[in-house]
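Architecture and fold: a report
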Amino acid sequence: MARKAPPSRHLTSVMHIRSFVRATRPVALTALVDVVFILLFFFMLASSYLDWRSMRLGVSGAAAGGAGEVGSVHVRVGPGGDAIVGSHRLSAAGLVSWLAEQGEGYRARPFIVEPVAAANVQDVVDVMDALAVGGVATVSLLSQ
Amino acid sequence: MRIPRQESKVASLSTLPMVNIAFLLLIFFMLAGTIEPPSALTIDPPESVADGDPDEGAVIVGINLDGKVSLDGIAVSLTKLRETLAARTPTPTVAVRADATLNASRLVHVLVQIREAGIRDVHLHTIPPR
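Residues numbered from 1 in each chain as written. Chains lettered and ligands numbered in written order. Predicted model: local features only at pLDDT ≥ 70, side-chain atom pairs only at ≥ 80, totals over all residues. Heavy atoms only, no water.

For the rest of this paragraph, the subject is the overall build of chain A. Scanning chain A from terminus to terminus reveals five helices and eight strands. Secondary structure elements of chain A occur, N-terminal to C-terminal, as α-α-β-β-β-β-β-β-α-α-β-α-β. Taking all 144 residues of chain A together, the buried fraction comes to 37%. For chain A, long-range pairs separated by at least 24 residues make up 70% of all intrachain contacts whose partners lie at least 6 apart in sequence. (Helix = DSSP H or I, 4+ residues; strand = E, 2+ residues; numbered from the N terminus. Buried < 20%, exposed > 50% of the residue type's maximum accessible area, 1.4 Å probe, protein only. Contact = heavy atoms within 4.5 Å.)

This brings us to the sheet that holds strand β2 (residues 53-57) of chain A. Pairing between sheet strands relies on hydrogen bonds along the backbone, with the strands arranged either parallel or antiparallel. As summarised here, the arrangement of the six strands in space is β2(A)-β6(B)-β5(B)-β2(B)-β3(B)-β4(B), forming an open sheet in which the pairing is mixed. With one partner strand each, in any of the chains shown, β2 of chain A together with β4 (74-76) of chain B form the two edges of the open sheet. Ignoring which end each strand starts from, the neighbouring axes of this sheet average 35° apart. In this structure, strand β3 (residues 69-71) of chain B lies alongside β4 of chain B, joined through three bridges in antiparallel fashion. In the sheet register, S70 of chain B faces β4 of chain B, and the bridge partner there is A75 of chain B. Packing of helix α5 (residues 121-133) of chain A onto the sheet brings it into contact with β2 of chain A together with β5 (94-98) and β6 (122-126) of chain B, and relative to β2 of chain A it is tilted by some 85°. (Pairing = 2+ DSSP bridges. Axes fitted to C-alpha atoms, helices over the stretch in contact; angles between N-to-C directions.)

As a further point, take the interface of chain B and chain A. Counting from both sides, the interface comprises 47 residues of chain B and, opposite them, 41 residues of chain A. Carbon and sulfur atoms supply 69% of the area that chain B and chain A bury against each other, a total of about 4,000 Å² over both sides. Summed over the shared surface of chain B and chain A, the result is one salt bridge. Note that R56 of chain A and D121 of chain B form a salt bridge whose closest N and O atoms lie 2.7 Å from each other. Taken together, chain B and chain A are joined by 15 residue pairs in polar contact (both at pLDDT 80 or more). (Buried area = accessible area lost by both parts, 1.4 Å probe. Salt bridge = Lys/Arg side-chain N within 4 Å of Asp/Glu carboxyl O. Polar contact = N/O pair within 3.5 Å; in protein donor to acceptor, adjacent residues only side chain to side chain.)

Another aspect to go through is the layout of surface pockets. Its volume calculated, the largest pocket comes out at about 870 Å³. Around the largest pocket, the lining comprises 30 residues; the ones closest to its centre are S48 and W52 of chain A together with E36, I60 and R97 of chain B. Of all the elements in the fold, those that place two or more residues in the lining of the largest pocket are β1 (47-48) of chain A together with α1 (16-32) and β2 (59-63) of chain B. Ranked by residue count, the leading element in the lining of the largest pocket is β2 of chain B, at three residues. Here the lining of the largest pocket is composed, by residue class, of twelve nonpolar, ten polar and eight charged. (1 Å grid on protein atoms, 1.4 Å probe; cavity = no way out; pocket = protein on both sides within 12 Å on 5 of 7 lines; lining within 4 Å. Points joined across faces, edges and corners; volume = space filled by probe spheres on them. Nonpolar A, V, L, I, M, F, W, Y, C, P; charged D, E, K, R; others polar.)

Under the counting rule described, the total for this entry stands at one cavity of 30 Å³ or more. Empty space within the largest cavity amounts to approximately 40 Å³. Looking at the largest cavity, the residues that line it are L57 and V59 of chain A together with L111, R115, I119, R120 and V122 of chain B. For the lining of the largest cavity, the residue count by class is five nonpolar, no polar and two charged.

A general feature of soluble globular proteins is that nonpolar side chains tend to end up buried together. Judged by nonpolar contacts, the single largest core of 51 residues is most densely connected at L95 and L131 of chain A together with L81, L85, V96, L111 and I114 of chain B. Ignoring any residue separated from it by four or fewer positions in sequence, one finds L111 of chain B in contact with L57, V59 and L141 of chain A together with V96 and V122 of chain B. With six residues, the next largest nonpolar core counts L40 of chain A together with A22, L26 and F29 of chain B among its residues. (Core = buried A, V, L, I, M, F, W, Y, C linked by side-chain atoms within 4.5 Å.)

This part covers the packing of helix α2 (residues 78-87) of chain B against helix α3 (residues 104-116) of chain B. Residue and element names in this part refer to chain B. For the pair α2 and α3, the least separation of the axes is 8 Å and the interaxial angle reads 35°. Note that α2 runs across α3; the crossing there is right-handed. Packed against α2, whose contacting residues are L78, L81, R82 and L85, the element α3 presents R106, H109, V110, Q113, I114 and E116 at the interface. In terms of residue class, the contact of α2 with α3 is made up of five nonpolar, two polar and three charged. (Left-handed = near helix turned anticlockwise from the far one by under 90°.)

Taken as a whole and assessed by the stated rule, the structure comprises six aromatic pairs over all chains. With 5.8 Å between their ring centres and 90° between their planes, Y106 of chain A and F111 of chain A make a pair best called edge-to-face. For F111 of chain A, a relative accessible area of 1% translates into the label buried. Here the aromatic cluster, defined as three or more aromatic residues joined through ring pairs, consists of Y49 of chain A together with F28 and F29 of chain B. The side chain of R97 of chain B reaches across the aromatic face of W52 of chain A, ending 3.9 Å from its centre. (Phe/Tyr/Trp six-rings, centres within 6.5 Å; stacked < 30°, edge-to-face > 60°. Lys NZ or Arg CZ within 6 Å of the ring centre and 35° of its normal.)

This is the structure:
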């Protein structure tokens, strides 16, 4: 009668290792990476990166119920951001210097900005900035 | 006879660096931007040294280079703009985002419509000089 072979020690140790490995299965990262990429695409598409600032706008003129305020200073804006005050044609920097030469009483008057035909929004904003830097408190746009 | 099992010789590709970069990009986009709804119009805003903070609850009126108008990201006509603004209660603050190269007379025309809707608090949104 053939003797029954003893159980292999190697086989027993492998069985122990196998049960150990089964208890610590590696975690699948696919689902996590999917969610991260979806969030990444959402923020890439939904975000705006412009640093917005705000400036107050007033409107003066016939549509606002008056033909211009009493004692107001009329500033016409030409293309290129030139400001025409009375007979003076000034650049934005020149407007700041010119305002500094006028009295505080002059700067306290309401200023009405009127864009001429070819002036664009940037030109008007440049002049309004110059008026604000020059110390003018009340600036409004003239409506035709 | 036992056939020895051949072990795979292909090395597994680690995805951890890719996940690291994806997380870094996600954190960057979360912190660097502000969530805004998409707008129907493409607007290149004017540059200004004004430093007022934009009112987050303001109604956004956009005007693009062609003079088309949008209200909160939706393209509308001037009449519809005036009617919609007039119907809102309480009277909202309006923030105008106009293209820098738009003819200024068009901007003034839209401002008049906004004023006729009873809105008194109107702001122009700009960006700092580049």
